[in-house]
Amino acid sequence: MAEDRKTTSSSVEWRVTMPDNHSSGRAEQGVEWQVKVPEGSTVKVEHETSLVVRAWAQMVQFLVRRKDMFIGFLKNAWKLGVDDPRKVMHGLKVGLALALVSLFYYTRPLYDGVGGAAMWAIMTVVVVFEYTVGGCLYKGFNRATATSTAGAIALGVHWVAHKSGKQFEPVILSGSVFLLASAATFSRFVPTIKTKFDYGITIFILTYSLVAVSGYRVDALLQMAQQRVSTISIGIFICLCVCIMIRPVWAGQELHLLITRNMDKLAASLEGCIEEYFEEDSGTEKEKKSQKSQGYKAVLNSKASEESQANLARWEPRHGRFGFRHPWSEYLKVGVAMRYTAYCLEALNGCINSDIQAANSVKKCLSDECKKLGTQCAMVLWELSNSIKEMAQSSRLELLVCDMNLAVQDLQDALRSLPSQLQKEALQAAQVQKTSISSATITSVKNENIVTMPLMEVLPVITMASLLIEISVRIEGIVDAVESLADLSEFKPVSDEKPAKVVPSDDDASVAAQGSETKKTIPEV
């Protein structure tokens, strides 16, 4: 007997008819499916694809994904080359240096002159050639000094070991390798040596170990050492010639530009934070301001780059506006002062993104003063950046600092008058609406209305204002560091000509009476 199973859904009826296993009927008869579909509906029957078709589809998808990844890689590489063509030029310079040094291996007269040690010149180019001139000089000097020193010591130890006899020769050589390698490795932990000669110590250990070990089985050890030193010198010379003569990249100039870029980002980030906090925007404008306010992170993450470039810049000769003994350490002090300000700016950004926010009515009480102070602080940073870029002292810096101090005083006065201002506005609103506003309560004491407002509604904006005052204090530290850099670097003095544009202020008379510097304290509210 056949068995019928019927399943009904809201719109489709399925019927399955299964044959009886004991029936001697048609053997080829299988499961019969019947589908009832309402009028106007369509049914699409999908046949099961074979294994070969599925495998081919997966292979095609894999190839398409790999093609998209390769095209994306090419686009990123093209964008990187377009943004900074010097990186493309660096690759071409490395290729040219390797092509030149390989002539000592391919050309018979040159090969006979250096012997089989020509491969050391190629290895030297690969490990010594750097992006900046300072890096190339640093590695070249360390490699030449370490190779010469290690080779001379190895020859001396080999001579002593050879005179001691065959029995003591391997003992002396192995002991010298152990002692010198241990002492050199330990010296890398000394901060001064690690900063200036870390690469040289590594080359010293490598060279001494190779010469000491290989010299045990080589008779003409002095000739082998001379060939290696000469080929290494050739490789260093080719590296320096190509790196300095063809589109050189100076580490000192890179450090100079890095400091000015970070200062511009710090100013833009400060301005963006103030705009984001006090202006109510939505959509694209808010995202742009949020991205703008994140520029301080570049300042916080640039410490390692600044120290590395300052260390490499000390090796560079006089170039452009930078002398041989240019005070590169002063740039590090400017960077430290900027990071000190950026830490406070990070706290300010955290205050902006906090879940606890002040009411808009409270923000309006300090909006003008905070915006004014933020603008003045940003103008001081931009003026300092321009002064470093042009390597000239600014004629407007003192005036801008005085305006920033006046803005600080205005904000402090606004903080002192904030309770009375909030009380006045709340009373006016309560009289108009005849209801309590937010969580404020109105009581009558001696025929005077007093408004009590919760502290959590006022504390965020007070914190914001206090951080802004602290940022202005730390910016004065940046001003001091830049002035010290200007004095030691001999920036161009201020010209006797009047500045092109000076905006007079109503408080100029009070500024002259108070002097060029105003002490700032955070008020107690």
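Sequence order as written defines the numbering, with residues in each chain counted from 1. Owing to the predicted nature of the model, reporting of local features is limited to residues with pLDDT of at least 70; listing and counting of side-chain atom pairs is limited to 80 or more, with chain, interface and lining totals taken over all residues. Heavy atoms throughout the structure, all of them, feed into the side-chain values; hydrogens and water do not.

Here we come to the overall build of the chain. If you tally the helices and strands in the chain, you get 18 helices and 5 strands. Summary of the burial criterion: residues with accessible area below 20% of their type's maximum are buried, those above 50% are exposed, and those between are partly exposed, where the area comes from a 1.4 Å probe applied to protein chains only. Across the 525 residues in the chain, those meeting the buried criterion constitute 38%. In what follows, a contact means two residues having at least one pair of non-hydrogen atoms within 4.5 Å. Considering only contacts within the chain whose residues lie at least 6 apart along the sequence, 75% involve residues at least 24 apart. Total accessible area on the chain stands at roughly 31600 Å², and carbon and sulfur atoms take up 58% of it. Helical segments are the DSSP runs of H or I of at least four residues, strand segments are the runs of E of at least two, and each set is numbered from the N terminus. Methods summary: accessible areas were calculated by the Shrake-Rupley approach with a probe of 1.4 Å, and residue burial reflects only the protein chains presented.

Put simply, a disulfide is two cysteine sulfurs that come within 2.5 Å. Summed over the entire model, instances satisfying the criterion amount to 0 disulfides. Left unpaired, Cys243 is separated from the closest cysteine sulfur, that of Cys136, by 4.4 Å. The buried category is assigned to Cys243, whose relative accessible area is 0%.

UniProt positions are given in the numbering used here, feature names are shortened, and annotations may be inferred rather than shown by experiment. In this structure's numbering, the residues bearing the UniProt feature "transmembrane region" (unreviewed entry) are residues 88–106, 118–138, 171–193, 199–218 and 230–250. Counting secondary structure, residues 88–106 comes out at 100% helix and 0% strand; the distance between its end C-alpha atoms is 27 Å.

Among the surface-exposed residues, Trp56, Met59, Val60, Phe62, Leu63 and Val64 lie close enough to one another that they form a single nonpolar patch of about 590 Å² accessible area. With respect to the helices and strands, Leu63 occurs in helix α1 (residues 51–83). Two distance rules govern patches: like charges are joined within 9 Å, and nonpolar side chains (Val, Leu, Ile, Met, Phe, Trp, Tyr) within 5 Å, applied only to residues with over 30% relative accessible area and no salt bridge. One speaks of a salt bridge when a side-chain nitrogen belonging to Lys or Arg is within 4 Å of a carboxyl oxygen belonging to Asp or Glu.

On to the packing of helix α15 (residues 397–416) against helix α17 (residues 459–489), then. It is at 11 Å that the axes of α15 and α17 come closest, and there the two elements cross at 160°. When the interaxial angle is binned, α15 and α17 end up roughly antiparallel. Along this stretch, α15 crosses α17, giving a crossing that reads as left-handed. The residues of α17 that touch α15, namely those facing Leu397, Val401, Met404, Asn405, Val408, Leu411, Gln412 and Leu415, are Ile462, Ala465, Leu468, Ile469, Ser472, Ile475, Glu476, Val479 and Glu483. Where helices are involved, their axes are fitted lines through C-alpha atoms of the stretch in contact, as for all axes, and angles between N-to-C directions lie from 0 to 180°. Working rule for angles: under 35 degrees goes down as roughly parallel, over 145 as roughly antiparallel, 65 to 115 as roughly perpendicular, anything else as oblique. If you view the pair so one helix is near and one far, a crossing is left-handed when the near helix is turned anticlockwise from the far one by less than a right angle, and right-handed when it is turned clockwise.

The span expected for a helix works out to 1.5 Å for each residue beyond the first. Taking 1.5 Å of rise per residue, 19 residues should cover 27 Å, and helix α6 (residues 169–187) covers 27 Å from first to last C-alpha, within 8% of that figure. All buried positions along α6 are accounted for by Glu169, Leu173, Ser176, Ala184 and Ser187. Taken down its axis, α6 places every buried residue within 70° of arc, on the same side. For α6, exposure combined with an orientation more than 90 degrees from the buried face picks out Val171, Phe178, Leu179 and Phe186. Here the buried face of α6 lies against α5 (133–163) and α7 (191–214). By definition, the arc is the one covered by directions from the helix axis to the C-beta atoms.

Moving on, we get to empty space enclosed by the protein. Any residue with an atom within 4 Å of a point lines the site, the site being either a cavity, points on a 1 Å grid over the protein atoms alone where a 1.4 Å probe fits but cannot get out, or a pocket, an open set with protein on both sides within 12 Å along at least 5 of 7 lines. Grid points are joined across faces, edges and corners, and a volume is the space filled by probe spheres set on the points. Tallied over the entire structure, the rule returns 3 cavities of 30 Å³ or more. Forming the boundary of the second largest cavity are Val177, Leu180, Ala181, Phe204, Ile205, Tyr208 and Ser209. Contributions of two or more residues to the lining of the second largest cavity are made by α6 and α7. Residue contributions to the lining of the second largest cavity peak at 4 residues, all from α7.

What follows covers the pattern of salt bridges. Two side chains that carry opposite charge are able to pair once their charged atoms sit near each other. Applying the stated criterion across every chain yields a total of 12 salt bridges. One salt bridge connects Asp84 with Arg86, and the closest N-O pair in it is separated by 3.1 Å. In this structure, the salt-bridge partner of Arg396 is Glu383, at a minimum N-O distance of 3.2 Å. Residue Arg396 is located in the loop between α14 (360–390) and α15, and its partner Glu383 is located in helix α14; the two are separated by 13 residues in the primary sequence.

Take the environment of Phe204 next. Structurally, the position occupied by Phe204 is in helix α7. The class of Phe204 is buried, set by a relative accessible area of 13%. Sequence separation of Phe204 and Thr149 is 55 residues, and the distance between their C-alpha atoms is 7.4 Å. Residues within four places of Phe204 in sequence aside, it is in contact with Ala146, Thr149, Ala150, Ile153 and Ala184.

So, on to the packing of aromatic side chains. Working definition: a ring pair exists when centres of Phe, Tyr or Trp rings (six-membered ring for Trp) sit within 6.5 Å. Plane angles under 30 degrees give stacked, over 60 give edge-to-face, the rest tilted. Taken as a whole, this structure holds 5 aromatic pairs when the rule is applied. Seen from their ring centres, Tyr138 and Trp315 are 5.7 Å apart, and the 65° between their planes marks the pair as edge-to-face. Of this pair, Tyr138 sits in helix α5 while Trp315 sits in the loop between α12 (303–313) and α13 (328–352), and the two are 177 residues apart along the sequence. With a relative accessible area of 11%, Tyr138 lands in the buried category.

Notably, Arg247 is not glycine yet its phi reads approximately 45°, a positive angle. Residue placement: Arg247 occurs in the loop between α8 (221–245) and α9 (251–278). Despite not being glycine, Met391 shows a phi value in the positive range, around 50°. According to the relative accessible area criterion, Met391 is buried, its value standing at 7%.

Right, let's talk about the environment of Ser233 for a bit. Mapped onto the elements, Ser233 comes out in helix α8. Owing to a relative accessible area of 39%, Ser233 belongs among the partly exposed residues under this scheme. Linking Ser233 and Thr124, residues 109 residues apart in sequence, is a C-alpha distance of 8.6 Å. The definition of a polar contact used here is a pair of N or O atoms within 3.5 Å, where within protein one atom must be able to donate a hydrogen and the other to accept one, and adjacent residues in sequence count solely through side-chain atom pairs. Among the polar contacts made by the side chain of Ser233, one reaches the main-chain carbonyl oxygen of Val229 at a distance of 2.8 Å.

So, on to the packing of α9 against α17. Running from N to C, α9 and α17 point in directions that differ by 165°, and their axes come no closer than 13 Å. Judged by the angle between their axes, α9 and α17 are roughly antiparallel. The handedness of the crossing between α9 and α17 comes out as left-handed. Counting all contacts with α9, which are made through Met263, Leu266, Leu270, Ile274, Tyr277 and Phe278, the residues of α17 involved are Pro460, Val461, Met464, Leu468, Ile471, Ile475, Ile478 and Val482. Residue polarity follows a fixed list, in which Ala, Val, Leu, Ile, Met, Phe, Trp, Tyr, Cys and Pro are nonpolar, Asp, Glu, Lys and Arg are charged, and the others, Gly among them, are polar. Residues of the contact of α9 with α17, tallied by class, amount to 14 nonpolar, no polar and no charged.

Quick look at a negative patch on the surface now. A grouping of Glu398, Asp480, Glu483 and Asp487 is seen on the molecular surface, where their side chains present a negatively charged patch. Ranked by residue count, the leading element in the negative patch is α17, at 3 residues. Within the secondary structure layout, Asp487 lies in helix α17. Assessed through its relative accessible area of 55%, Asp487 is described here as exposed. Neither His nor the chain ends contribute to the count of charged residues, in which Lys and Arg are positive and Asp and Glu negative. Charge positions come from single atoms, namely NZ of Lys, CZ of Arg, CG of Asp or CD of Glu.

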